[in-house]
Amino acid sequence: MEYRELGRSGIKVSCIGLGGSPLGGGLFQERESLALDLVRHAFDQGITFFDTSSNYGLGRSEEIIGEALRGCRDRAVIATKGGAEFTTTARIALALRPALRPLRLALQPFRRGLNLARDAHKRYNYSAVGLRRALEASLTRLRTDHVDIYQLYNPTPRTPGLDEAFETLDRFRQEGKARYVGLSVNRVSDASELLHRWRADSLQLPLSLLDQHGLDGQIERCAAAGIGVIARSVLGQGLLTNAHGHVMADESSHYSVEELRTRRARRNRFESLILPGRTLAQAAVRFALQQPEVSSALVAAVTNEQLEENLAALAAPSLTEQEMLFARGLAIAEPCA
């Protein structure tokens, strides 16, 4: 494992981090024990950076990470996010998911619709009271008295109440409840204006073979300002893997059906990066890691085997200069949605 500094924070993170979105006890998860084992296996393999959120599985993702890292908290770097909440109706429905797991095969065709319905009930609360309530609950679930990075979840420049949110995050840092504070954005175009309004310690953004907007100067500006860059969705929510059939991207609310169809078609053109000793997933991880400004690339896995393939990217052949130019050329010729 390689370890890199997170901007100018002084803390080092594993260059591959584990994303906590799939750990939250969803309707289609088989056994929570697998999630616990995955986090422990990741730590044993040298991953020290774990990223989650208060709304992943209504906080269950945080509970799993906190339980799995019990006894080794001081050797782990934990990042979580606050600001997203679900309506009461959604919380009741999500709480019922474990009871519905025996029906998951019958519900499989409706996964996208169910997630779209869930996200329609997502609300954002960036008030000082809301963020403090969210942080305190996260600390309890994570079994810790502080998080290493606390991130504002999905803000946009048009989000009301941002000044109060920024002041609140700065207060968390001063109190020691968060060592560092940052932003997690859906769209790279939002990051520049937000970072002009507030000095964050880190920026988490989508960055992959399929999502290259951050390479158009944003991550370079972050590096120059000492802001740590956390790349997420480096596997294109499963599109940049050898998975057949349903992947996380298919149930994402961030893309329309037509956009998903376009992304799948574009994904196929990157198959030329597959080599003996390098899968498409490993090429995708290497692409993110070969951006010198990236502190850590987050991967999402649900099995130890998937995680092992992602970690094997560290030993896989690097992308050559020509391959990097090819990958960038495809992005320029066919911009991401």
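Residues numbered from 1 in each chain as written. Predicted model: local features only at pLDDT ≥ 70, side-chain atom pairs only at ≥ 80, totals over all residues. Heavy atoms only, no water.

1. Focus on the packing of aromatic side chains
Applying the stated criterion across every chain yields a total of five aromatic pairs. Arranged with centres 5.9 Å apart and planes meeting at 25 degrees, the rings of Tyr124 and Tyr126 form a pair that is stacked. Given a relative accessible area of 39%, Tyr124 falls into the partly exposed group. Classification of Tyr126 by relative accessible area gives buried; the value is 6%. Ring geometry for Tyr124 and Tyr153: centres 6.5 Å apart, planes at 85 degrees, overall edge-to-face. Pair noted here: Tyr124 is in strand β7 (residues 122–124) and Tyr153 is in strand β8 (residues 147–153), with a separation of 29 residues, a long-range link. Assessed through its relative accessible area of 10%, Tyr153 is described here as buried. (Phe/Tyr/Trp six-rings, centres within 6.5 Å; stacked < 30°, edge-to-face > 60°. Buried < 20%, exposed > 50% of the residue type's maximum accessible area, 1.4 Å probe, protein only. Helix = DSSP H or I, 4+ residues; strand = E, 2+ residues; numbered from the N terminus.)

2. Some remarks on the nonpolar core
Counting residues in hydrophobic clusters, the biggest one holds 78 residues, and the most contacted among them are Phe50 and Leu183. Among the elements that take part in this core, helix α12 (residues 280–289) stands out by supplying eight residues, more than any other. Beyond its immediate stretch of four places on either side in the chain, Phe50 contacts Leu18, Val39, Ala42, Phe43, Ile65, Leu69, Ala76, Val77, Ile78 and Ala79. Counting residues in hydrophobic clusters, the runner-up holds 10 residues, among them Phe49, Val77, Ile230 and Leu298. (Core = buried A, V, L, I, M, F, W, Y, C linked by side-chain atoms within 4.5 Å. Contact = heavy atoms within 4.5 Å.)

3. Some thoughts on the pattern of salt bridges
Counted by the stated rule, this structure contains 17 salt bridges. Asp211 is the salt-bridge partner of Arg263, the closest N and O atoms lying 3.0 Å from each other. One end of the pair, Arg263, is in helix α11 (residues 257–269); the other, Asp211, is in the loop between β10 (202–206) and α10 (218–224), and 52 residues separate them in sequence. Exposure remark for Arg263: the relative accessible area of 4% places this residue in the buried category. You can call Asp211 buried: its relative accessible area is 10%. Salt bridges here are not isolated pairs; linked through shared partners, they connect Arg73, Asp148 and Arg179. (Salt bridge = Lys/Arg side-chain N within 4 Å of Asp/Glu carboxyl O.)

4. As for a nonpolar patch on the surface
Together, Met1, Tyr3 and Leu314 make up an exposed nonpolar region whose accessible area comes to about 240 Å². Positionally, Leu314 belongs in the loop between α13 (304–311) and α14 (321–333). (Patch = residues over 30% accessible without salt bridge, like charges linked within 9 Å, V, L, I, M, F, W, Y side chains within 5 Å. Areas by Shrake-Rupley, 256 points an atom, 1.4 Å probe, with all protein chains shown as cover.)

5. Some points on the sheet that holds strand β5 (residues 77–82)
The sheet built from eight strands closes into a barrel, its strands ordered β3-β4-β5-β8-β9-β10-β11-β12 with parallel pairing. Mean inter-strand twist for the sheet, computed between neighbouring axes without regard to direction, equals 30 degrees. Pairing of β8 with strand β9 (residues 178–184), which is carried by six bridges, proceeds in the parallel orientation. For Tyr150, the partnering residue across the bridge sits in β9 and is Val181. (Pairing = 2+ DSSP bridges. Axes fitted to C-alpha atoms, helices over the stretch in contact; angles between N-to-C directions.)

Read these as spatial facts, not as claims about activity.
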